[in-house]
2 protein chains.
Amino acid sequence: MINVAVLGYGTVGSGVVEVIESNNAEVSLKSGEEMHVKYILDLRDFPGDPYESLVTHNFDDIVNDPEVSIVCEVMGGIGAAYKFTKACLEKGKSVCTSNKELVAKYGAELLELARENHCSYMFEASVGGGIPIIRPLNKALTPEHIENISAILNGTTNYILSKMEKEGADYGETLKQAQALGYAERNPEADVEGHDSCRKIAILSSLMAGKNVDSEKIYTEGITQITATDFAFAKAANMTIKLIATSKSLADGSILAMVAPTMISKENALAAVNDVFNGVLITGNMLGDVMFYGKGAGKLPTASAVVSDVIDCARHVGRSSIVCIWEKEEVVLADIAETEKAFFVRASKDAAEEIKAAFPGGQVVACEAEDFGYITTVMKEKEFDEKAAALGDKILNRIRVA
Amino acid sequence: MINVAVLGYGTVGSGVVEVIESNNAEVSLKSGEEMHVKYILDLRDFPGDPYESLVTHNFDDIVNDPEVSIVCEVMGGIGAAYKFTKACLEKGKSVCTSNKELVAKYGAELLELARENHCSYMFEASVGGGIPIIRPLNKALTPEHIENISAILNGTTNYILSKMEKEGADYGETLKQAQALGYAERNPEADVEGHDSCRKIAILSSLMAGKNVDSEKIYTEGITQITATDFAFAKAANMTIKLIATSKSLADGSILAMVAPTMISKENALAAVNDVFNGVLITGNMLGDVMFYGKGAGKLPTASAVVSDVIDCARHVGRSSIVCIWEKEEVVLADIAETEKAFFVRASKDAAEEIKAAFPGGQVVACEAEDFGYITTVMKEKEFDEKAAALGDKILNRIRVA
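A brief structural summary. For clarity, every value in this text was computed on a predicted model and none was experimentally measured.

Conventions used here
- Note on numbering: residues in each chain are counted from 1, in written sequence order.
- Following the order in which they are written, the chains are lettered starting with A and the ligands numbered starting with 1.
- In keeping with the model being predicted, local features are shown solely for residues with a pLDDT of at least 70 and side-chain atom pairs are shown and tallied solely at 80 or more, while totals for entire chains, interfaces and linings include all residues.
- Think of the side-chain values as coming from all heavy atoms in the structure, minus any hydrogens and water.
- Each residue gets one of three labels from its accessible area relative to the maximum for its type: buried under 20%, exposed over 50%, partly exposed in between, using a 1.4 Å probe on protein chains only.
- Secondary structure elements follow DSSP: runs of H or I no shorter than four residues count as helices, runs of E no shorter than two count as strands, and numbering proceeds from the N terminus.
- Residue contacts are defined here by distance: any two heavy atoms, one from each residue, within 4.5 Å place the two residues in contact.
- Copy-to-copy superposition: least squares on the C-alpha atoms, limited to residues that have pLDDT of at least 70 in both copies.
- Between Lys or Arg on one side and Asp or Glu on the other, a salt bridge is scored when a side-chain nitrogen of the former is within 4 Å of a carboxyl oxygen of the latter.
- By the convention adopted, Pro, Cys, Tyr, Trp, Phe, Met, Ile, Leu, Val and Ala count as nonpolar, Lys, Arg, Asp and Glu as charged, and the other residues, Gly among them, as polar.
- When DSSP finds two or more bridges between a pair of strands, those strands are recorded as paired.

Structural notes on helix α2 (residues 24–31) of chain A
All names here are of chain A.
(1) Moving on: With respect to burial, α2 is a largely interior element, 6 of its 8 residues being buried.
(2) Moving on: Check the buried side of α2 and you find it contacts β1 (2–7), α1 (11–22), β2 (35–41) and α12 (299–314).
(3) Moving on: A positive phi of about 85° marks Gly32, the residue just after α2.

As structure tokens, this is what we get:
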């Protein structure tokens, strides 16, 4: 009998309990032993809840119970969650989490602590919700030198952008609709400003490099400046606009990571990833491209990923189940100002000649929209920024082109 | 030091040697020990080959060498490959294979033999080439009750169908082009008649059910009857035609498996899987849909999948690394005659009224093509077949609609 404790009885926490108990036949079969939830830690009471009797307000009940071998940390944040995770690992209890903020910040340290205590720190649910992505990176793509990761990692922004594309709607009204439908939070900043995607690409980049990537140093740009007119131009160019998180392994050992709205060709596999779905495109030096696609969020998909980690731990009680190389050493991040790409530029029609003169050799995007749209040749970000600064207000928006 | 033997120095075999030796830093790091190829078994000599000195013609050199702990069977076929695989497993040597024919036929037996001898029988490369799909099913989607698998599992037929769609070309000429480019074999039967897809869906179905699915009992239909005109109608209906392998878990414990060209909506995630790519869409009861996408064949992608298994075995020498539930007990396959779906029917224009009368309530597909195109209501296959038989030659083609 395997006893699990769940820290936090919110959306994901209640999903974890539901997956373990509703799919108990599958879960116990794959674990090799019967598995049940023994404790649910939460500050609140849940009168009438079918698992009311499992609720405790006291973390000590869990950490001091030798029968609990696996703990799910699904409370979020980097305060109590960090303290509780450390306490569990120090007692040799494996911890499975969906908490991307904590993983991005303390992943390397917590993995080391788990190894020292012959248990595991697992975080499949921290990236891509229910899509298996951490485990494929750690256990399946093992012979590969991973050259590049390009991904749509945030369902809220992808829903908004898909909707803007399909309906020709503007950002503000689409955000309001998304909030009304529960696809965006009342305070949407973490999603729409790209911070959520940034934490996730930091985690994937750390696994790609085997060393620590500091999420706070990754260049991050959100989707709040994207307009219906930008989408009209993207469509005219047979492209679309997605919030793309990328990480590229450079020859000198550094990594080029960034999160930014990007115009991508309709032929790109990520262009077909719409609505709340996520997609992660990984390029290995032997394998070429492989893509993982599915719902990147939601109660049950995320809970399912947490429970897949719990089952993995159940098969490895008393030893580390994860072969995860993520050292504390910091990765050098490449300066994006020095990297080269093309830019889509939108300006008022009377600035057309000035734009063409500033960025010679580019392509005018023919479109019925009021503005003038132009795609520059490939140039350094630094060079683009200098020229754009000289043009001042004349540039209404600029979007990187993949 | 981990010593590997490779049985068969053909396309995949030479790829396996290349991945282990060219990516040796990654491979050895992830294995936890330095890994090298010690033997290559082949009937031929390879004068001038960089690994010439490793070639042996004698299987006994390998099976009797206690230093060899992992063997890659990449020779194909079910004769010597079967004999050699058994001999290796009986000696406690793990076997990693890309041989879908052997896995489909003897998977359950060889897995049992591996368990008895505390080693592993691994077959990530047998389905989907380089795409991680066996490992996600066995190790990541563990809490899920898998409800359905729909997949494009054969790169050759997908290349042909994609090309027919894009260029409006007919089957015969497209096959010839594919053969000239090396995307189809001179004898293409195993691919174009669906046998290759059938073996692969049999393997996935066996893992889904935990019991054995006999590939010879799966209804299988190839792509040789699909015409340019069918694609014109598909396009008019905002659909496309793909060779889809499906497996559905029914409430009574039986499985509905089949391989057939199918008209699918352009909105279906599999519709975006083009050219030689494969895509596997899995539906779990908690997770919803998740899709795995990548190159389903080719020397290095397939070899990379074999080596990912080799690394997994290297981490588990002396014990089974795979938790794979695939018992010998036979799964009951549902009778497809009793299943319900809609059908696309193509007929000459003068048969239009007869078709509409035979299948009332369906939809005419408006299209500029010479023929008459019609999509029936959802009905049992049996019922459709009876009505179609009564219409005789008037029906020029019929394609299932998803």
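Right, picking up where we left off after that structure.
Focus: the relation of the copies chain B and chain A
(1) Moving on: Relative to chain A, chain B is turned by 180° and slid 0.0 Å along the rotation axis, the superposed coordinates differing by an RMSD of 0.0 Å. What the superposition gives is, in effect, a two-fold axis relating one chain to the other. Minimal C-alpha distance to the rotation axis in chain B is attained by B:Phe292, lying at 2.4 Å.
(2) Moving on: A shared interface surface links the copies, since 100% of the contact residues of chain B are contact residues in chain A too.

A few points about the pattern of salt bridges
(1) Moving on: Inspection of the entire model under this criterion finds 56 salt bridges over all chains.
(2) Moving on: Note that B:Glu165 is salt-bridged to B:Lys266, the shortest N-O span being 2.9 Å. Pair noted here: B:Glu165 is in helix α7 (residues 155–167) and B:Lys266 is in the loop between β10 (255–265) and β11 (277–284), with a separation of 101 residues, a long-range link.
(3) Moving on: Several salt bridges share partner residues, and in doing so they unite A:Glu124, A:Arg135, A:Lys139, A:Asp309 and A:Asp312 into one network.

A few points about the interface of chain B and chain A
(1) Moving on: With 43 residues of chain B at the contact, the number on the chain A side is 43 residues.
(2) Moving on: Here chain B and chain A share 0 salt bridges between them.
(3) Moving on: Mapped onto the side of chain B that touches chain A, the elements with two or more residues apiece are α1 (11–22), α2 (24–31), α6 (134–140), β12 (288–295) and α12 (299–314) of chain B.
(4) Moving on: With 7 residues, β12(B) is the single largest residue contributor to the side of chain B that touches chain A.
(5) Moving on: When the residues that make up the side of chain B that touches chain A are grouped by side-chain class, the tally is 23 nonpolar, 10 polar and 10 charged.
(6) Moving on: In this structure, strand β12 (residues 288–295) of chain A lies alongside β12(B), joined through 5 bridges in antiparallel fashion. Among the inter-strand pairings, A:Val290 is bridged to a residue of β12(B), identified as B:Gly294.

Observations regarding unusual backbone geometry
Outside of glycine, negative phi angles account for most residues, and trans bonds account for most peptide bonds.
All names here are of chain B.
(1) Moving on: Even without glycine at this site, His118 takes up a positive phi of about 55°.
(2) Moving on: Within the secondary structure, His118 sits in the loop between α5 (100–116) and β6 (121–122).
(3) Moving on: Of note, the phi angle at Asp275 is positive, near 55°, even though the residue is not glycine.
(4) Moving on: Residue position: Asp275 is located in the loop between β10 and β11.
(5) Moving on: Owing to a relative accessible area of 30%, Asp275 belongs among the partly exposed residues under this scheme.

Observations concerning the pairing of strand β9 (residues 239–249) of chain B
Residues and elements named next belong to chain B.
(1) Moving on: Counting buried positions along β9 gives 8 out of 11 residues, so the element sits mostly inside the fold.
(2) Moving on: Bridging between strand β7 (residues 146–152) and β9 involves 4 bridges; their strand directions are antiparallel. Among the inter-strand pairings, Ala151 is bridged to a residue of β9, identified as Ala245.
(3) Moving on: The pairing of β9 with β10 spans 11 bridges and is antiparallel. Pairing of Lys242 across the sheet is with Thr262, part of β10.
(4) Moving on: Taking the residues that link successive antiparallel strands as the turn, the β9-β10 hairpin has 5 residues, and the phi of Gly253 there is positive, at about 90°.

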